[in-house]
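What follows is the residue order along each chain.
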Amino acid sequence: MRTRTPLTCTVALVAASLLAAAGCAKNESGSGGADAAPRTVKPVAGCGAGSWTDPADLAADRKPARCDKGAPAPQPLAKKRKVTVATGTLSAEYVAPLQVAVAKGEFAKEGLDVELKVLPTPDALPLLAKGDVDAQWAAPEAAVMNGINGGFDIKWVAGNFSPDPTSKSGLWVRLKKGESAGHVDMAGRRMGTMIGKGSVIAYPMDTSLKKHGGGLDKIRFQQLGSADVLTALQNGGVDSAWLLDPVWRKVDGDKRYAFLGGQPVGEPLGGLLFGPTLLTEDPDAGVAFLRAYIRTVNTYFAGDYKSDPAFVTELAKLMKIDEATLRSTPSMRMDWEIRKGTTDRLQQAYSDAGVSEGKPPVPEEKAVDRAMYGEAVGHRL
């Protein structure tokens, strides 16, 4: 019998709670769903051909979809709606578009009263499945995919970002004698990470490891706090580590370490998850939310937003982080679209990591909904 690791057990427990929540969600769901009439999609001023890209385009130099500044214009709901969004943090840069949308009144323009509520992902997912929170700023992690496989109504409805090509956020290794960045044997090494095997980072991590004789099944994980990962790598407590922005700056240029790879450029791995309230009970509010989010990206995050010193200062205050730290890394490529096949690749990594055993893969159409952001920019699927 295969021995379960603590990380595997954690994912299994979260998935079990989600499956229980799913039963409640299905019994309590309102109108909508598979039998609902097709929604009307109209052209949107300021959102032309560039507001949609082919989901199958995975090119690293793909330009993310964009509308004009200020587009799509608000279409206020007939009745004001409260929307609660769970997020694991408010200090990470990839959450900034939501915070700016709240601060600049972009959600309010749609008739939405949006509350950003900090909740750990394992705590928030059952609430999302039951409809106790309306949306989650997270990712299609292993527990989510296992829960969808069990039948509950959660879908990934919008992306968040992909890294700048110059970013080195990702897998770093302490080099042994005779090794170089082009030749590292990762099999059997100990990796320090604050991210478990059930996270979406398992996908790019697995890809990088396999290029160097490793793989998620051939290394040993040591979960550490965010403040301890770099320290453990530097003092020899671990051989490698997944270093996020801007932590990797501490070892960049040091010949004792090598960067082996990070998140694929041009492919968002997370973003917005909607539960039953915005998917089926009140899809008008769901589209309004996405319209405000997309407008915020087009207005404030369309390009190199860190080239504007005043905006960086504003962001740092909003996120409650050091301004110099925010400036030390390149601007993210904010991207509301979801690439074709991402959930398939994620699930392969979860299988390699042993956190989706006994589960058939979830078809993309059960996990992803591009129709809502398509409607927001006037694109019919």
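Residues numbered from 1 in each chain as written. Predicted model: local features only at pLDDT ≥ 70, side-chain atom pairs only at ≥ 80, totals over all residues. Heavy atoms only, no water.

Participant: Describe the side chain of S208, listing the residues and the values that go with them.
Facilitator: Relative to the helices and strands, S208 is located in helix α5 (residues 202-210). Residue class for S208 comes out buried when judged on its relative accessible area of 4%. What S208 contacts, discounting residues up to four positions off in sequence, is L171, L260, G261 and G262. (Helix = DSSP H or I, 4+ residues; strand = E, 2+ residues; numbered from the N terminus. Buried < 20%, exposed > 50% of the residue type's maximum accessible area, 1.4 Å probe, protein only. Contact = heavy atoms within 4.5 Å.)

Participant: Mind laying out the sheet that holds strand β1 (residues 81-87), listing which residues take part and the relevant values?
Facilitator: Two strands in a sheet stick together by hydrogen bonds in their backbones, pointing the same way (parallel) or opposite ways (antiparallel). If you trace the 5 strands from one edge of the open sheet to the other, you get β2-β1-β3-β11-β4, paired in mixed fashion. Each edge of the open sheet is held by one strand with a lone partner, namely β2 (112-118) and β4 (155-159). Strand-to-strand, the axes of this sheet are offset by a mean angle of 30°, without reference to chain direction. Against the sheet, helix α2 (residues 96-103) contacts β1, β2 and β3 (135-138), and its axis sits at roughly 140° relative to β2. (Pairing = 2+ DSSP bridges. Axes fitted to C-alpha atoms, helices over the stretch in contact; angles between N-to-C directions.)

Participant: Run through the pattern of salt bridges, naming residues and quoting values.
Facilitator: One side chain can pair with another of opposite charge once the charged atoms of both are near each other. For the structure shown, the criterion picks out 23 salt bridges. The closest approach of N and O atoms between R256 and D254, which form a salt bridge, is 2.7 Å. Because the salt bridges share partners, they merge into one network encompassing E106, K109, E110, R291 and R295. (Salt bridge = Lys/Arg side-chain N within 4 Å of Asp/Glu carboxyl O.)

Participant: Break down the side chain of T296 for me, citing the residues and quoting the values.
Facilitator: Note on placement: T296 falls in helix α8 (residues 283-300). Looking at T296, the relative accessible area reads 0%, which means it is buried. Side-chain polar atoms of T296 contact the backbone oxygen of A292, separated by 2.8 Å. Discounting residues that sit within four places of it in the chain, T296 has contacts with P97, V100, A101, E106 and F301. (Polar contact = N/O pair within 3.5 Å; in protein donor to acceptor, adjacent residues only side chain to side chain.)

Participant: Give me the state of the cysteines: which residues, what numbers.
Facilitator: Tallying each qualifying case throughout the model produces 1 disulfide. The side chain of C47 participates in a disulfide bridge whose partner is C67; the two sulfur atoms lie 2.2 Å from each other. Its S-S torsion of about 110° marks the bond between C47 and C67 as right-handed, since a negative value means left-handed. With C47 in the loop between α1 (6-28) and β1 and C67 in the loop between α1 and β1, this residue pair connects regions lying 20 residues apart in the sequence. Pair check on accessibility: C47 and C67 agree, each one buried. (Disulfide = S-S within 2.5 Å.)

Participant: Help me get a handle on the nonpolar core, residues and values and all.
Facilitator: Where a protein is soluble and globular, its nonpolar side chains tend to be buried together. In terms of nonpolar packing, the biggest core is built from 94 residues, with L272, F274, F289 and Y293 touching the most fellow members. With 9 residues, the top contributor of residues to this core is α8. Look past the residues within four positions of Y293 in its chain and what remains in contact with it is P97, L98, F107, W137, A158, G159, N160, L272, D335 and W336. Residues W172, L230, V238 and L243 belong to the second largest nonpolar core, which totals 12 residues. (Core = buried A, V, L, I, M, F, W, Y, C linked by side-chain atoms within 4.5 Å.)

Participant: Could you give an account of the environment of G225, with specific residues and numbers?
Facilitator: Note that G225 resides in the loop between β8 (220-223) and α6 (229-235). Here the alpha-carbon distance between G225 and M194, two residues 31 residues apart in the chain, equals 5.6 Å.

Participant: Describe the packing of α2 against helix α9 (residues 309-319), naming the residues involved and giving the relevant values.
Facilitator: Here α2 crosses α9 at 95°, and the two axes come no closer than 11 Å. Classified by the angle their axes make, α2 and α9 are roughly perpendicular. From α2, A96, Q99, V100 and A103 reach across to α9, where they touch F311, L315, L318 and M319. Here the contact of α2 with α9 is built from residues that sort into 7 nonpolar, 1 polar and no charged. (Parallel < 35°, antiparallel > 145°, perpendicular 65-115°, else oblique. Nonpolar A, V, L, I, M, F, W, Y, C, P; charged D, E, K, R; others polar.)

Function-wise, these values are silent; they only describe arrangement.
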